[in-house]
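Per-entry structural report
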Amino acid sequence: MTPQLQQAIKLLALSNLEVEAFIGEAVEANPLLEMGTAAPDATPPEEGEARRTTLESSPVDQLIGEGRAADDAPLDIDPGTLDLDRDTGFHEEAARGPRSEDGPGVEDRSLALTLAQYLHEQVGTATPDPELAFVAHALVDQLDETGYLAAPLAEFAQDLGIPADRAEAALMVVQSLDPTGVGARSLGECLALQAREADRFDPCMERLLDNLDLLARGELARLKRMCGVDDEDFAGMLAELRSYDPRPGLRFSDGGSDPVVPDILVRPRRDTKGEIAGWSIAINQATLPRLVVNRSYYVELRSACADRSSRSWLSEKLADANWLLKALDQRQKTILKVAAEIVQQQDGFFRGGVSHLKPLTLRAVAEAIGMHESTVSRVTSNKYLHCDRGTYELKYFFTSGVARTGMAGGGAEGGEGAASAEAVKAAIRQLIDAEDPAAILSDDALVDLLKTHGFDLARRTVAKYREAIGLGSSVQRRRQKALAAIR
């Protein structure tokens, strides 16, 4: 693999802001490169239709605009042709940092990762529900540097187009992540999460946390009476409270974290009736400086080169500059092509919210656009998309599906026969709501009943989905319904 191909692969995995830094280094190293003024076709989406691709019109490659040449095409990398050894290879993980066999730990990664990055890595294993994971990822991006959720949860749910109870469930997922206390909406809630983790959240501690204003005012005698404890227990409670971290996110904010800047902008195209007719997609030009080759300076330097080595060096710099411009153009075409397919596949989300998110895999997108899965993986790494519903990392749009039995094209990879996890959960809830109190359904019984509905699931998967929607085990439900009958 040539050094230029290695660099092209690296560029593909970088975010726009990282590419901007890379371009700055290239300009310093190459006298023929310089920053140009904004191109006429680089207007943002709200001001014009430049540098956009439309899903219902021509192929993406014909609509990118600048630098269109017959031999320019989206960059696609065949992993079989790459020699990814430790000295010359570029692995996908290089953009994210090394990963141990046991996964990242906060002690090892806190200085390398931002709080958001660390939490995003945990969300996938915190819930089996892809829709709930999607909302949890979005909530993580709403946390401030201390780990608190500053925005009202009701407004967040409205912006995302989901019910309030789904937002609450996603917040519970975020609050279950490490470090304990993140996702809290107040100091009391933050400390309560840590008290529960330490198994110290008893009624006395709950009353203490509900009245932190008295603690702040120094009304300790009154607070002790409210908690109903003696001096020794009260002193122990205060010592326990002092051991908690009121700002759990700050351990990750070494130097502060940069705000998320979208790499891709998506806006609806509307017809004459005001209905959405498609989507306009653009690279965020605000994060990419325009790079140009100063050819007049090249001619001037060329005329001053008296020896062969000087001319060879200058020719090499010109070739490097031309290659970089082409590589950047190919990168943009590749990103837009992948983003266009994602938007097309997840059209329901952009129209109706997260409840319309479809099962989707990297392989499905790669096959649809004729690229390698590894290329799609690199494109979706560290890239953010902004639409009317908010800003999301591209990888969030990839969710697992559940195989449907007895259906053509079935499978868990987003085909016509695949069902979303939300549909499975709705079926589980319906079965449990309709169960006879005298014949509570076990998870094994749920597996058999779900098969009659076309869902082929393992018992462990059914249990995870049941727990994700807040439904207890058969033993817990039998006890609850027995108590309800007595009342």
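Computed from a predicted model, the values in this text were never measured in an experiment. Residue numbers restart at each chain and count upward from 1, following the sequence in its written direction. For this predicted model, a pLDDT threshold of at least 70 governs which residues receive local features, and a threshold of 80 or more governs which side-chain atom pairs are given and counted, while totals over whole chains, interfaces and linings are taken from all residues. For side-chain calculations, the full set of non-hydrogen atoms in the structure is used, while hydrogens and water are omitted.

Let us now look at the overall build of the protein chain. Of regular secondary structure, the protein chain possesses 21 helices and nine strands. In this scheme, a residue with accessible area under 20% of its type's maximum is buried, one over 50% is exposed, and one in between is partly exposed, where area comes from a 1.4 Å probe on protein chains only. Out of the 487 residues belonging to the protein chain, those deemed buried represent 45%. When checking whether two residues touch, look at their non-hydrogen atoms; a contact exists if any pair is within 4.5 Å. Long-range contacts, defined here as pairs at least 24 residues apart, represent 65% of the contacts in the protein chain between residues at least 6 apart. Throughout, the Shrake-Rupley method with a 1.4 Å probe supplies accessible areas, and for residues the shown protein chains are the sole cover considered. Accessible area for the protein chain stands at about 24700 Å²; split by element, carbon and sulfur atoms hold 49% of it. The numbering of helices and of strands both runs from the N terminus, where a helix is a DSSP run of H or I of at least 4 residues and a strand a run of E of at least 2.

This next bit is on the state of the cysteines. When the sulfur atoms of two cysteines come within 2.5 Å, that pair is taken as a disulfide. Scanning the model with the defined rule gives zero disulfides in all. No disulfide involves Cys-227; its nearest neighbouring cysteine sulfur is the one of Cys-204, lying 6.4 Å away. The exposure class of Cys-227 is buried, given its relative accessible area of 1%.

Quick look at the packing of aromatic side chains now. Only Phe, Tyr and Trp rings are paired, with Trp represented by its six-membered ring, and only when their centres lie within 6.5 Å; those with planes under 30 degrees apart are stacked, over 60 edge-to-face, the remainder tilted. Applying the stated rule across the entire model yields 10 aromatic pairs. Their ring planes at 70 degrees and their centres at 5.1 Å tell us that Phe-134 and Phe-349 sit as a pair that is edge-to-face. Residue Phe-134 is found in helix 5 (residues 130–140), and its partner Phe-349 is found in helix 15 (residues 347–352); the two are separated by 215 residues along the sequence. The class of Phe-349 is buried, set by a relative accessible area of 0%. Their ring planes at 80 degrees and their centres at 5.2 Å tell us that Phe-349 and Phe-350 sit as a pair that is edge-to-face. By relative accessible area, which is 6% here, Phe-350 ends up buried. Here a set of aromatic residues connected by ring pairs shows up, and it is made of Phe-134, Trp-279, Phe-349, Phe-350, Tyr-392, Tyr-396 and Phe-397.

Let us look at the pairing of strand 7 (residues 390–393). Any two strands between which DSSP finds at least two bridges are classified as paired. Here strand 6 (residues 384–387) pairs with strand 7 via four bridges, running antiparallel. Paired with Leu-385 across the bridge in strand 7 is Tyr-392.

Note on definitions: salt bridges are taken to be side-chain nitrogens of Lys or Arg within 4 Å of carboxyl oxygens of Asp or Glu. Considering all chains together, one arrives at 17 salt bridges under this definition. A salt bridge links Glu-240 to Arg-200, with the shortest nitrogen-to-oxygen separation between them at 3.2 Å. Here Glu-240, found in helix 12 (residues 231–242), pairs with Arg-200, found in the loop between helix 8 (187–197) and helix 9 (203–210); they are 40 residues apart in sequence, far enough to count as distant. By relative accessible area, Glu-240 is classed as buried at 17%. Two residues, Arg-466 and Asp-443, come together in a salt bridge whose shortest N-O distance is 3.0 Å. Of this pair, Arg-466 sits in helix 20 (residues 459–468) while Asp-443 sits in helix 19 (residues 443–452); the two residues are 23 residues apart in sequence, bridging distant segments of the chain. Judged on exposure class, the residue Arg-466 and its partner Asp-443 are both buried. When salt bridges that share partners are traced, they join Asp-129, Glu-131, Arg-166 and Lys-425 into one network.

In this section: unusual backbone geometry. In this structure, Pro-179 follows Asp-178 across a cis peptide bond, with omega equal to 0 degrees. Topologically, Pro-179 is positioned in the loop between helix 7 (164–175) and helix 8. Of note, Asp-199 is a non-glycine position whose phi angle comes to about 60 degrees, a positive value. With respect to the helices, strands and loops of the structure, Asp-199 is situated in the loop between helix 8 and helix 9. Taking relative accessible area as the criterion, Asp-199 reaches 68% and is therefore assigned exposed. Unlike most non-glycine residues, Asn-382 shows phi in positive territory, near 65 degrees. Its place among the elements puts Asn-382 in the loop between helix 17 (373–379) and strand 6.

Running from N to C, helix 14 (residues 308–345) and helix 16 (residues 362–369) point in directions that differ by 115 degrees, and their axes come no closer than 10 Å. The angle between the axes of helix 14 and helix 16 places the two elements in the roughly perpendicular class. For helix 14 against helix 16, the interelement crossing comes out right-handed. From helix 14, Lys-337, Val-338, Glu-341, Ile-342 and Gln-345 reach across to helix 16, where they touch Val-365, Ala-368 and Ile-369. The class makeup of the residues in the contact of helix 14 with helix 16 is five nonpolar, one polar and two charged. To define axes, lines are fitted to C-alpha atoms, for helices over the stretch in contact only, and angles between the resulting N-to-C directions are given on a 0 to 180 degree scale. Here the angle decides the label: under 35 degrees means roughly parallel, over 145 means roughly antiparallel, 65 to 115 means roughly perpendicular, and every other value means oblique. Rotating anticlockwise by less than a right angle from the far helix to the near helix defines a left-handed crossing, while the corresponding clockwise rotation defines a right-handed one. When residues are sorted by character, Ala, Val, Leu, Ile, Met, Phe, Trp, Tyr, Cys and Pro go into the nonpolar class, Asp, Glu, Lys and Arg into the charged class, and all the rest, Gly among them, into the polar class.

Every helix has an expected span of 1.5 Å times one less than the residues it contains. With 12 residues, helix 4 (residues 115–126) extends 16 Å between its outermost C-alpha atoms, agreeing within 8% with the 16 Å of an ideal straight helix rising 1.5 Å per residue. Turning to helix 4, its buried residues number three or more, namely Leu-115, Tyr-118, Leu-119, His-120, Gln-122 and Val-123.

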